[in-house]
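Listed here are the chains, written in short residue letters.
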Amino acid sequence: MVTNDGDDGVETLQAHECWALLRAADVGRLAVSVAGEPDIFPVNHVVDGGSVVFRTAQGSKLAAVTVAPAVAYEADGYDAGRGVAWSVVVKGRAQEVRSLEELGATFSLPLFPWQAGPKERFVRIVPTTVTGRRFRRATDGSWPPPAARARAAAE
């Protein structure tokens, strides 16, 4: 079920809708803290049960989630035919997959890195919250040009 948050046409998505959209998405963005500064990385992912899994190599993403495991993951999409956009945000804790049992199960996931090179480490984001919204794209005529808004405000 979708709820409308008001006159702006933004619909709040239920958790099962968020997970369905994440399953259909090809790529998202991982937001982390690196040395006290925010950073963001595009990664492709797969939904595994109630979590998000991605592959990586030794490097900044893996180091960031090891040092500061609180992360946000965002994926979005746009249906041009319907003029509808959506966005889903998963907040939670990232943890490297390390146990042999879990690694065996994770290797069977249909998760193939887009970037060439070895990506032999798996990271699982265990969510604390999953939120999403859907909205109709504004037409070009919905927003006056900035100069027109400035003139109207000056009058």
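Presented here is an overview of the structure given in this document. The numbers attached to residues start from 1 for each chain and follow its sequence in the written order. With pLDDT at 70 or above as the cut-off, local features in this predicted model cover only qualifying residues; side-chain atom pairs require 80 or more to be listed or tallied, and sums for whole chains, interfaces and linings still use all residues. Working from all heavy atoms in the structure, the side-chain values ignore hydrogens and water.

**With respect to the overall build of the protein chain**
Check the secondary structure of the protein chain and you find four helices and nine strands. Listing each helix as α and each strand as β along the protein chain from the N terminus yields β-β-α-β-β-β-β-α-β-β-α-β-α. When the 155 residues of the protein chain are sorted by exposure, 35% land in the buried category. For the protein chain, contacts bridging at least 24 residues in sequence account for 65% of all contacts bridging at least 6. For the purposes of this entry, the term helix denotes a DSSP run of H or I that reaches at least four residues, the term strand denotes a run of E that reaches at least two, and both are numbered from the N terminus. Only protein chains enter the accessibility calculation, which uses a 1.4 Å probe. A residue is then buried if its area is under 20% of the maximum for its type, exposed if over 50%, and partly exposed in between. The contact criterion used is simple: two residues touch if any of their non-hydrogen atoms lie within 4.5 Å.

**A few points about the pattern of salt bridges**
By salt bridge we mean one thing: a side-chain nitrogen of Lys or Arg within 4 Å of a carboxyl oxygen of Asp or Glu. Using the criterion set out here, one finds seven salt bridges in the structure. Of the charged contacts, one joins arginine 82 and aspartate 79 as a salt bridge, the two residues approaching to 3.7 Å between their closest N and O atoms. Between arginine 121 and glutamate 96 there is a salt bridge, with its nearest N and O atoms 2.5 Å apart. Of the two residues, arginine 121 sits in strand β9 (residues 121-136) while glutamate 96 sits in strand β8 (residues 84-96), which places them 25 residues apart along the sequence. What emerges from the salt-bridge pattern is a single network uniting Arg29, Glu74 and Asp76.

**Describing the layout of surface pockets**
Cavity means a closed set of points on a 1 Å grid over the protein atoms alone, one where a 1.4 Å probe fits but cannot get out, pocket means an open set with protein on both sides within 12 Å along at least 5 of 7 lines, and lining means a residue has an atom within 4 Å of a point. Grid points are joined across faces, edges and corners, and a volume is the space filled by probe spheres set on the points. Each pocket or cavity is described by its volume, and for the largest pocket that value is around 160 Å³. Lining the largest pocket are Val27, Pro42, Val43, Asn44, Arg55, Lys61, Pro113, Trp114, Gln115 and Lys119. Counting residues per element, the lining of the largest pocket draws most heavily on strand β4 (residues 37-44), at three residues. Here the residues of the lining of the largest pocket are counted per class, giving five nonpolar, two polar and three charged. The classification used treats Ala, Val, Leu, Ile, Met, Phe, Trp, Tyr, Cys and Pro as nonpolar, Asp, Glu, Lys and Arg as charged, and all other residues, Gly among them, as polar.

Shape is all these values report; function is a separate question.
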